[in-house]
Amino acid sequence: MKLQILRVIVASLEQATVHVRCLRGPVRRGARFNRLGGSAQAIDLTLTQAVVYGRRVAELDTGLTAFVTLRGEGVQHLESGALASGSQAIEGANPSA
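These numbers come from a predicted model, not from an experiment. (Residues numbered from 1 in each chain as written. Predicted model: local features only at pLDDT ≥ 70, side-chain atom pairs only at ≥ 80, totals over all residues. Heavy atoms only, no water.)

1. Points about the side chain of Thr69
Summarising the element assignment, Thr69 is placed in strand β8 (residues 65–73). Owing to a relative accessible area of 10%, Thr69 belongs among the buried residues under this scheme. Beyond its immediate stretch of four places on either side in the chain, Thr69 contacts Gln15, Ala16, Thr17, Thr46, Leu47, Thr48 and Gln49. (Helix = DSSP H or I, 4+ residues; strand = E, 2+ residues; numbered from the N terminus. Buried < 20%, exposed > 50% of the residue type's maximum accessible area, 1.4 Å probe, protein only. Contact = heavy atoms within 4.5 Å.)

As structure tokens, this is what we get:
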């Protein structure tokens, strides 16, 4: 699964609220991200919440945009997308059922 970072809204040392587009889904609550596209930086982020059109959802399907909360190590490496430089994407795996 894969999320494109559109904009980092709020970030602290261990948590960020991020506007994303789902490039490859579904992405479920509890998903763990360990790859940051175009970077060698280590990340270990867990999706704790996803909000679509003001409603909390349990998963994101391909093509949806959402505001998500990510917790864990590597939050400081997330950057808002820019037309000139392209945008970041994070990849990982859904939790076991």
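2. Observations concerning the pattern of salt bridges
Enumeration over the complete set of coordinates arrives at 3 salt bridges. The partner of Arg28 in a salt bridge is Glu59, with the nearest N and O atoms 3.3 Å apart. Remark: Glu59 occurs in strand β7 (residues 59–60) and Arg28 occurs in strand β3 (residues 27–28); sequence separation between them is 31 residues. Using a relative accessible area of 36% as the deciding quantity, one classes Arg28 as partly exposed. When the shortest N-O distance is used, the salt bridge between Arg32 and Asp44 registers 2.6 Å. One end of the pair, Arg32, is in strand β4 (residues 32–36); the other, Asp44, is in strand β5 (residues 44–52), and 12 residues separate them in sequence. Look at Arg32 and you get partly exposed, because its relative accessible area is 44%. For Asp44, a relative accessible area of 34% corresponds to the partly exposed category. (Salt bridge = Lys/Arg side-chain N within 4 Å of Asp/Glu carboxyl O.)

3. Some words on the pairing of strand β1 (residues 2–11)
Bridging between β1 and strand β2 (residues 15–24) involves 8 bridges; their strand directions are antiparallel. Within β2, the residue paired with Arg7 across the bridge is His19. Here β1 hands over to β2 after 3 residues, the two strands then running antiparallel side by side. Pairing geometry for β1 and strand β9 (residues 89–93), over 3 bridges, is antiparallel. (Pairing = 2+ DSSP bridges.)

4. Things to note about the environment of Thr46
Note on placement: Thr46 falls in strand β5. With relative accessibility at 23%, the residue Thr46 sits in the partly exposed group. Residues within four places of Thr46 in sequence aside, it is in contact with Gly30, Ala31, Arg32, Thr69, Leu70 and Arg71. Side-chain polar atoms of Thr46 contact the side chain of Arg32, separated by 3.4 Å. (Polar contact = N/O pair within 3.5 Å; in protein donor to acceptor, adjacent residues only side chain to side chain.)

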